[in-house]
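Secondary and tertiary structure notes
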Amino acid sequence: MGELFVGLGEEGLGSSPSPPKKPFLLRSSQDRLSRALLSATPAGWGLSHCQPGRPHLAIPAPCSFTGGQTMAEFSQKRGRQRDEVLGSTVDFLLANARLVLGVGGAAVLGIATLAVKRLIDRATSPRDEDDAKGDTTCLEESWKELTLLKTTPRLQPRTPPAALSQPASLPAPLPSAPAVLGCGGSEAVRICHHVLPVREDLSLSALSGDCFTEGPSDTEPQPLPQPSSPAPLCLTFQEKLLVFERDHVTIPEAHVALAKQLAGDIALELQAYLRNKFPELPFGALVPGGPLYDGLQGGAASRVRLLVPLVLEVGLWGLVPGVDTVARDPRCWAVRRTQLEFHPRGSSPWDRFLVGGYLSSRVLLELLRKALASSVNWPAIGGLLGCLIRPSVASEELLLDVQHERLELTVAVLLAVTGADAEDRLLLAWPLEGLAGNLWLQDLYPAEAARLRALDERDAGTRRRLLRLLCGVCRGHPALGRLDRCHLTQVVLRLGEEEVDWAEAALGERFLQALESLIDSLERASLPCHFNPGVNLLSGLREEEIDDIGFALYSGLQAPECLL
């Protein structure tokens, strides 16, 4: 088979004119191109020198496609011929560039031209097996990295620095897992200080990055402490009610003790002042009390009752029911002066407070109000007790606002009449309006508290806890805030007399039952007092207020969690 010699000399291929003389740069380019051709020539191809100094590549002549020559070999020959034409063109450009641009410009143009030629050679030459395998490996690793990013769970929020500084142990590996990463099995890789599972088919190259640390390190790692178990996603109403009681109803014992101590100290100071200011008036011992002392106060130790008892002479005073007076008020009683024919007016120190033959609660309130507001040195007493005491001038009641660094307390000073009859009724000087302004209001709180205590002690019930929960719910509600402790106590007393389950497990059921009882009373606009059925405790509310309370209770009965 004959051979066709194609020369890569100065004249190139075809009819390209050959320059008369070759520059030095062109000779160097030709030598480098010749060496490249020698290294890239496959076996069976020959090089010969037809002329001295000019290498020629011996290519089998494409005159026939017999003798084992295929179309693919012919295409490769045609491609190499195009490369030789391109080489001759480069030599021509470099030779003329030196004349036009000079040495520096020709060097820059040569470098750029060689770079472009290299890119063209890589694009037109057949790909090597190693390059294809490397590209396939890179592609597989890229997919593996993408899969790792997709399967990586969301990182947990960053813990406080104090928690990070505490060492904690890593979860123990499975017995079948090897100790060296990359040997199969289930490995663990710390990604930004979080331990994440890694699939077995991931290679080490897929785990390379700034945030990845593979395998055990020289120093002992400091993993995060184990997170606490999450709270249950769904709580029953009973559980939510107990949580509300713990967070918003239960008062710390320290606050209860402090409030009782402050109230006792204020009672002693006020009693000493009254004896010095009014030595002719027989006041009894001032006794602090109220829901805080009976375990019925919820939310905060915010209010204490301070009774100022009047010592009345036996046989000179009698009680008249309020319904028998011009006021016709069943809540009140009148304290009438008796035995005037044997003990004329002026025989008792309390005769100076008589109005129409009756001991006036209004006159006594004004006397004590002026004394508390202007005569008592409250700054000195407060400095002695370590708190700030101010009399409230905006309220019609006799209130003392106590501010301590640990709590705020309100002390209600109540003038009281006790032991005026055989039943030992407790009457309070209350700011009443109208014809009942001089009457005394009967206080049923001691009897109600005693009854609730007796019922709970009988069956270890939760009636008092239910009352505290109802007071805590109503205290912070805009509409239910009109219901005070007296209203709620009657509901609990009515339910407490029934023979039902009052254990702690039934507290939620009793709470809903109390709401139903309140709604029923509001529909009838009647809530009778437990110890005085003739008194309607809803008579002081307007119709609009009853409607608002009823709507709030009905909505709370449909979704009781909204009340907590």
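Residues numbered from 1 in each chain as written. Predicted model: local features only at pLDDT ≥ 70, side-chain atom pairs only at ≥ 80, totals over all residues. Heavy atoms only, no water.

- For the chain, an unreviewed UniProt entry supplies the name Mitochondrial elongation factor 2 and the organism Felis catus.
- UniProt lists a comment for the chain under the heading Subcellular location (unreviewed entry), and it reads "Mitochondrion outer membrane". (UniProt positions renumbered as here; feature names shortened; annotations may be inferred.)

**A few points about the overall build of the chain**
- Helices and strands together make up the secondary structure of the chain, namely 14 helices and 17 strands.
- Buried residues in the chain amount to 36% of all 564 residues.
- A sequence separation of at least 24 residues applies to 61% of the contacts in the chain between residues at least 6 apart.
- For the chain, the accessible area works out to roughly 33,000 Å², and carbon and sulfur atoms hold 57% of it. (Helix = DSSP H or I, 4+ residues; strand = E, 2+ residues; numbered from the N terminus. Buried < 20%, exposed > 50% of the residue type's maximum accessible area, 1.4 Å probe, protein only. Contact = heavy atoms within 4.5 Å. Areas by Shrake-Rupley, 256 points an atom, 1.4 Å probe, with all protein chains shown as cover.)

**Some details on the packing of aromatic side chains**
- For the structure on display, the rule yields three aromatic pairs.
- When the centroid spacing of 5.8 Å and the interplanar angle of 50 degrees are considered together, the rings of F237 and F511 count as tilted. Here F237, found in helix α5 (residues 237-249), pairs with F511, found in helix α13 (residues 507-524); they are 274 residues apart in sequence, far enough to count as distant.
- Owing to a relative accessible area of 12%, F237 belongs among the buried residues under this scheme. (Phe/Tyr/Trp six-rings, centres within 6.5 Å; stacked < 30°, edge-to-face > 60°.)

**With respect to the packing of α5 against α13**
- One can describe the packing of α5 onto α13 by two numbers: an axis separation of 8 Å at closest approach and a directional angle of 85 degrees. Between α5 and α13, the angle falls in the class roughly perpendicular. Residues F237, Q238, L241 and L242 of α5 touch α13, and the partners they reach there are L507, G508, F511 and L512.
- Among the residues making up the contact of α5 with α13, the classes are represented as six nonpolar, two polar and no charged. (Axes fitted to C-alpha atoms, helices over the stretch in contact; angles between N-to-C directions. Parallel < 35°, antiparallel > 145°, perpendicular 65-115°, else oblique. Nonpolar A, V, L, I, M, F, W, Y, C, P; charged D, E, K, R; others polar.)

**What about the nonpolar core?**
- Core analysis: the largest hydrophobic core is formed by 54 residues, its most contacted members being W350 and L359.
- For this core, the secondary-structure elements that each account for two or more residues are α6 (253-277), β8 (303-310), β9 (317-321), β10 (332-337), α8 (361-375), α9 (378-385), β14 (398-403) and β15 (408-418).
- Looking at which element gives the most residues to this core, the answer is α6, with ten residues.
- When near neighbours in sequence (up to four residues on either side) are disregarded, L359 contacts L310, L312, W317, V335, W350, F353, L354, L364, N438 and W440.
- In this structure, V492, L495, L527 and L537 belong to the second largest nonpolar core, which totals 43 residues. (Core = buried A, V, L, I, M, F, W, Y, C linked by side-chain atoms within 4.5 Å.)

**Considering the environment of Q513**
- When you line up the elements, Q513 lands in helix α13.
- Residue classification places Q513 among the partly exposed positions, given a relative accessible area of 21%.
- Residues within four places of Q513 in sequence aside, it is in contact with L495 and E498.
- Here the side chain of Q513 touches R510 through a polar contact of 2.9 Å, side chain to side chain. (Polar contact = N/O pair within 3.5 Å; in protein donor to acceptor, adjacent residues only side chain to side chain.)

**A short note on the pairing of strand β13 (residues 388-391)**
- Taken together, the four bridges between β13 and β14 define a ladder with antiparallel strand orientation. Bridging across to β14, R390 finds its partner in D401.
- Hairpin geometry of β13 and β14 is characterised by an intervening segment of six residues between the two adjacent antiparallel strands. (Pairing = 2+ DSSP bridges.)

**What about a negative patch on the surface?**
- Where like charges cluster on the molecular surface, the negative patch consists of E543, E544, D547 and D548.
- Tracing the sequence through the fold places D547 in helix α14 (residues 543-558). (Patch = residues over 30% accessible without salt bridge, like charges linked within 9 Å, V, L, I, M, F, W, Y side chains within 5 Å. Salt bridge = Lys/Arg side-chain N within 4 Å of Asp/Glu carboxyl O. Lys, Arg positive; Asp, Glu negative; His and termini not counted. Charge placed at Lys NZ, Arg CZ, Asp CG, Glu CD.)

**Looking at α14**
- In this model, α14 (16 residues) spans 23 Å end to end at C-alpha, consistent with the 22 Å of a helix rising 1.5 Å per residue.
- Those residues of α14 that are buried lie in contact with α13. (Expected span 1.5 Å × (residues − 1).)

**Let's talk about the environment of Y445**
- Structurally, Y445 is set in helix α10 (residues 445-459).
- Residue Y445 is classed as buried on the basis of its relative accessible area, which comes to 13%.
- Sequence separation between Y445 and C486 is 41 residues, and the spatial gap between their C-alpha atoms is 8.1 Å.
- Aside from chain neighbours lying at most four places away, what touches Y445 is G290, P291, D294, L296 and R305.

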